[in-house]
Amino acid sequence: AIELTITRARLTGKVNDATRTYGQQNPSFSMEFYGLKNGDLSPGWTTPPTFKTQANKYSDVGQYSVSAVGGIARNYEIKEVTAGTLTVTPAQLTISANNATRQYYNNNPEFSYTCKGFVNDDSENVLSPKPSLTTTATRTSNTGTYKINVGATSSPNYSISTINGTLTITP
């Protein structure tokens, strides 16, 4: 009697690159494979691989390696798995100048702003410099409305947009 030994086919894989926003959980990672046989779309796992990365929802904006470890395929011997990249992109933050009112010939009030979009328990402490609030209105400006401008600020984990406010000078 002749015995036929069927060995596992060699297979390589690559972890697919992924993107997510700062403050979100990591996405579900996936892989693509090279060397599948007989029309297989996946290796058919006895034990699927586990994806590993240093990134978590608190990780700063940047790029992080994602690897696949372990995994036992039914009909394949996995020879090499290339790591993928997780790109963490900035979260959107909007800074709005709060509207203010004052009477003619009074000093301008102290202006304030509101931030919408902080994640991970972040606060305005991550902004550098703190946003300045300015207007062209002076004590002697006529009654009417004047723009309250939000000055430039930045934070590496946020894409920042600003909304100007309005100072209303009343008689």
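Residues numbered from 1 in each chain as written. Predicted model: local features only at pLDDT ≥ 70, side-chain atom pairs only at ≥ 80, totals over all residues. Heavy atoms only, no water.

J.: Please clarify how the overall build of the chain should be interpreted in this entry.
T.: A tally of regular secondary structure across the chain gives zero helices and 16 strands. Overall, the C-alpha framework of the chain stretches about 110 × 25 × 20 Å when taken along its three principal axes. Counting only residues that meet the buried cut, the chain has 30% of its 171 residues in that class. Within the chain, residue pairs in contact and separated by at least 24 positions form 62% of the contacts whose partners lie at least 6 positions apart. Within the chain, one finds 14 positive and 11 negative side-chain charges whose respective centroids are separated by 6 Å. (Helix = DSSP H or I, 4+ residues; strand = E, 2+ residues; numbered from the N terminus. Buried < 20%, exposed > 50% of the residue type's maximum accessible area, 1.4 Å probe, protein only. Contact = heavy atoms within 4.5 Å. Lys, Arg positive; Asp, Glu negative; His and termini not counted. Charge placed at Lys NZ, Arg CZ, Asp CG, Glu CD.)

J.: I would appreciate a short explanation of the sheet that holds strand 9 (residues 84–89) in the present structure.
T.: Strand-to-strand pairing in sheets goes through backbone hydrogen bonds, with the strands running parallel or antiparallel. If you trace the four strands from one edge of the open sheet to the other, you get 2-9-6-5, paired in mixed fashion. Every other strand in the sheet has two partners, leaving strand 2 (18–21) and strand 5 (50–53) as the edge strands with one partner each. In this sheet, adjacent strand axes meet at a mean angle of 30 degrees when their direction is disregarded. As defined by bridge partners, strand 5 adjoins strand 6 (residues 62–69) across four bridges and the pair is classed as antiparallel. Within the sheet, the bridge partner assigned to T53 lies in strand 6 and is V66. (Pairing = 2+ DSSP bridges. Axes fitted to C-alpha atoms, helices over the stretch in contact; angles between N-to-C directions.)

J.: Before we go on, may I ask you to explain the packing of aromatic side chains in this structure?
T.: Any two aromatic rings considered together are summarised by their centre-to-centre distance and by the angle between their planes. By the definition in use, this model includes five aromatic pairs. Look at F29 and F51: their rings are 6.0 Å apart centre to centre, the planes differ by 50 degrees, and that puts the pair in the tilted class. Here the residue F29 occupies a position in the loop between strand 2 and strand 3 (31–34), and F51 occupies one in strand 5, the gap between them amounting to 22 residues. Residue F51 is classed as partly exposed on the basis of its relative accessible area, which comes to 27%. Arranged with centres 6.0 Å apart and planes meeting at 45 degrees, the rings of Y104 and Y105 form a pair that is tilted. For Y105, a relative accessible area of 43% translates into the label partly exposed. Members of the aromatic cluster, joined through ring pairs, are Y22, F118 and Y158. The ring of Y105 carries R139 above its face, with NZ or CZ at 4.5 Å from the centroid. (Phe/Tyr/Trp six-rings, centres within 6.5 Å; stacked < 30°, edge-to-face > 60°. Lys NZ or Arg CZ within 6 Å of the ring centre and 35° of its normal.)

J.: Where do I start with the nonpolar core in this structure?
T.: A general tendency of soluble globular proteins is for nonpolar side chains to be buried together. Within the largest apolar cluster, 32 residues are counted, with the highest numbers of intra-cluster contacts made by L86, I95, F111, L133, I148 and L167. Where this core is concerned, the elements lending two or more residues are strand 1 (9–15), strand 3, strand 6, strand 9, strand 10 (91–97), strand 14 (144–150) and strand 16 (165–170). Filtering out sequence-adjacent residues up to four positions away, I95 remains in contact with Y113, T114, C115, L127, P131, V150, T153, I160, S161, T162 and I163. (Core = buried A, V, L, I, M, F, W, Y, C linked by side-chain atoms within 4.5 Å.)

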